[in-house]
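Given next are the chains, with one letter for each unit.
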Amino acid sequence: MGDGGGKGGGTPHPAEARHRFHLPALQSIGMPILGLVTLLAVLGVFDPAHESRLVWAGDLAVVVRWPTRLRETQAEVAEIELRNEGTAPFSASVAFEGAWLDAFRDVHVDPGAEEARSVAFADIGPGESRRVRVQLRAERSGWHRGTVHVLRTPGDRVAAVPVGTWVLP
Amino acid sequence: METVLRVAFVYLFLMLGFRVLGKRELARLSPFELVTLMIIPEIVSQALTRGDGSLTNALIGVATLFCLVFLTSIATFRWPKARELVEGSPTVVVKHGKVLPDALARERITEDEVFSEMHHAGLERVEQVEWGYVETTGDLTFVPARPEDKQIKPREELP
């Protein structure tokens, strides 16, 4: 206890007691839940997450990287990389199917025109690669799924990658 | 993860800030202090949320804050040192009927305030006060010198 000239000085104070800790039933249930939410947040369970997948359409290697978890209003980028691992040039197109893209706003596919939902590339030479970037901003909470289709011509070889994103409220 | 760290940092910073600010300032806010307290949330809100206005982020922030408050209350309950660190300790401002000017200066309290609170407590003269404290809540409390002074009517019952 602070005194004008220091501590103590004979001022009245409560007796020293060893305090025992007791939680009421409501707190016994509620605090672990709040603690769990905090712990999960520390572990990154509510943070944005991505997944990446490699598929083949003949000698066309397709790498798709997309956000699997986002919070509402968060912006992210999905990428599709096409790589010619063969010896002859070919053309390829990328198309998004399903309601996946509709779950986002401010969607911009690059390269591509406004509102484009598909991109075509001509003459991808051996060893060359092309990249599609899709800017997304999460709008509706929930689980949204779709498919990224890649068509290689000639040959009409198709690669399909199912994609899905959890948008947390 | 980042939200948890930011809330924890701001919580500790504000706790330290209020601790430094002093007891009396929290007990009775002047218009200037009230404005200060109203501006603080405006300043820190963007730093806390980084523009992430999602419900998830808000719940994480609130859960983190509640956990910190709960852990602080456990620590202050369990360990006296933690209590003194977080809440401080009462300051003696009147001792054996004498006002302690140094203690008043440290708490930035005028003698007028002490006398005003004494009068509210039904004590007319400082000689009637054995001990006068600024409690950790910022309230001024008095221990009367004579037993008969303890039979004081509460303020609202005074004529």
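Quick notes on the rules
Residues numbered from 1 in each chain as written. Chains lettered and ligands numbered in written order. Predicted model: local features only at pLDDT ≥ 70, side-chain atom pairs only at ≥ 80, totals over all residues. Heavy atoms only, no water. Helix = DSSP H or I, 4+ residues; strand = E, 2+ residues; numbered from the N terminus. Buried < 20%, exposed > 50% of the residue type's maximum accessible area, 1.4 Å probe, protein only. Areas by Shrake-Rupley, 256 points an atom, 1.4 Å probe, with all protein chains shown as cover. Core = buried A, V, L, I, M, F, W, Y, C linked by side-chain atoms within 4.5 Å. Contact = heavy atoms within 4.5 Å. Pairing = 2+ DSSP bridges. Expected span 1.5 Å × (residues − 1). Arc of directions from axis to C-beta. Axes fitted to C-alpha atoms, helices over the stretch in contact; angles between N-to-C directions. Parallel < 35°, antiparallel > 145°, perpendicular 65-115°, else oblique. Left-handed = near helix turned anticlockwise from the far one by under 90°. Nonpolar A, V, L, I, M, F, W, Y, C, P; charged D, E, K, R; others polar. Patch = residues over 30% accessible without salt bridge, like charges linked within 9 Å, V, L, I, M, F, W, Y side chains within 5 Å. Salt bridge = Lys/Arg side-chain N within 4 Å of Asp/Glu carboxyl O.

Asks: Looking at this model, I keep getting lost on the overall build of chain A. Mind explaining?
Replies: Secondary structure assignment for chain A yields 1 helix and 11 strands. Secondary structure elements of chain A, listed N to C terminal, follow the sequence β-β-α-β-β-β-β-β-β-β-β-β. Buried residues in chain A amount to 36% of all 169 residues. Surface exposure of chain A reaches about 9300 Å², of which carbon and sulfur atoms provide 54%.

Asks: Can you help me understand the nonpolar core in this one?
Replies: Side chains that are nonpolar tend, in soluble globular proteins, to be buried together. Counting residues in hydrophobic clusters, the biggest one holds 33 residues, and the most contacted among them are A:Val62, A:Ile80, A:Leu82, A:Phe96, A:Trp100 and A:Val134. Per element, the largest residue contribution to this core is 5 residues, and it comes from strand β4 (residues 60–71) of chain A. Apart from the residues within four sequence positions on either side, A:Val134 is in contact with A:Glu76, A:Val77, A:Ala78, A:Ile80, A:Phe96, A:Leu101, A:Val107, A:His108 and A:Val109. Judged by nonpolar contacts, the second largest core, of 18 residues, contains B:Val114, B:Leu123, B:Trp131 and B:Val134.

Asks: Which parts of the structure should I look at to understand the pairing of strand β9 (residues 129–138) of chain A?
Replies: Regular strands place their side chains on alternate faces of the sheet. Residue and element names in this part refer to chain A. Across 9 bridges, strand β5 (residues 75–84) lies against β9 in antiparallel orientation. Looking across to β9, one finds that Ile-80 is bridged to Val-132. Alignment of strand β7 (residues 104–110) against β9, held across 5 bridges, turns out to be antiparallel. Within β9, the position partnered with Phe-104 by the bridge is Ala-138.

Asks: Whenever I open this one, helix α1 (residues 25–42) of chain A confuses me. Can you help?
Replies: Because an α-helix packs 3.6 residues into every turn, residues spaced three or four apart end up facing the same way. All names here are of chain A. The end-to-end C-alpha separation of α1 is 26 Å, in line with the 26 Å expected for 18 residues at 1.5 Å each. By the burial criterion, the buried members of α1 are Met-31, Thr-38 and Ala-41. One face of α1 carries all of its buried residues, which in axial projection span an arc of 80 degrees. Exposed and oriented more than 90 degrees from the buried face of α1 are Ala-25 and Ile-29. In the segment just after α1, Gly-44 is the residue with positive phi, at about 85 degrees.

Asks: Honestly, the side chain of A:Asn84 in this entry has me stumped. Any pointers?
Replies: Residues and elements named next belong to chain A. Turning to its location among the elements, Asn-84 is positioned in strand β5. Accessibility expressed as a relative area gives 1% for Asn-84, which makes it buried. Residue contacts for Asn-84: discarding those within four places in its chain leaves Asp-59, Pro-89, Phe-90, Ile-124, Gly-125, Pro-126, Gly-127 and Glu-128.

Asks: Sorry, what's going on with unusual backbone geometry here?
Replies: As a rule of thumb, non-glycine residues mostly have phi less than zero, and peptide bonds are mostly trans rather than cis. Residue and element names in this part refer to chain A. Phi is positive for Thr-73, which is not a glycine, with a value near 75 degrees. Residue position: Thr-73 is located in the loop between β4 and β5. Of note, the phi angle at Asp-123 is positive, near 55 degrees, even though the residue is not glycine. Residue placement: Asp-123 occurs in strand β8 (residues 118–124). The class of Asp-123 is exposed, set by a relative accessible area of 57%.

Asks: For this particular structure, what's the right way to read the packing of α1(A) against helix α4 (residues 55–78) of chain B?
Replies: Two quantities define a packed helix pair, namely the angle between the helix axes and the distance between the axes. Interhelical geometry of α1(A) versus α4(B) gives an angle of 125 degrees and a closest axis separation of 9 Å. Judged by the inter-axis angle, α1(A) sits oblique to α4(B). The two elements α1(A) and α4(B) cross, and the hand of that crossing is left-handed. Residue-level contacts link A:Gln27, A:Met31, A:Leu34, A:Gly35, A:Val37, A:Thr38 and A:Ala41 of α1(A) to B:Ile60, B:Ala63, B:Thr64, B:Phe66, B:Cys67 and B:Phe70 of α4(B). Within the contact of α1(A) with α4(B), the residues separate by chemical class into 9 nonpolar, 4 polar and no charged.

Asks: I tried to follow a nonpolar patch on the surface on my own but got confused; where do I start?
Replies: Residues and elements named next belong to chain A. Residues Leu-36, Leu-39, Leu-43 and Val-45 make up a contiguous nonpolar surface patch of about 370 Å² in total accessible area. Take Val-45: it is sitting in the loop between α1 and β3 (49–57). By relative accessible area, Val-45 is classed as partly exposed at 34%.

Asks: Help me understand the pairing of β4(A) in this model?
Replies: Residue and element names in this part refer to chain A. Of all 12 residues in β4, 9 are buried; the element is thus mostly enclosed. Pairing geometry for β3 and β4, over 9 bridges, is antiparallel. From the neighbouring strand, Leu-54 faces β4, where its bridge partner is Val-63. Between β3 and the antiparallel strand that follows it, β4, lie 2 residues; Gly-58 among them carries a positive phi value of about 70 degrees. Note: β4 against β5, 6 bridges, orientation antiparallel. The residue of β5 that forms the bridge with Val-64 is Ile-80. In this structure, the hairpin formed by β4 and β5 is closed by a connection of 3 residues, where Thr-73 is found at a positive phi of approximately 75 degrees.

The values reported here are purely geometric and, on their own, carry no functional implication.
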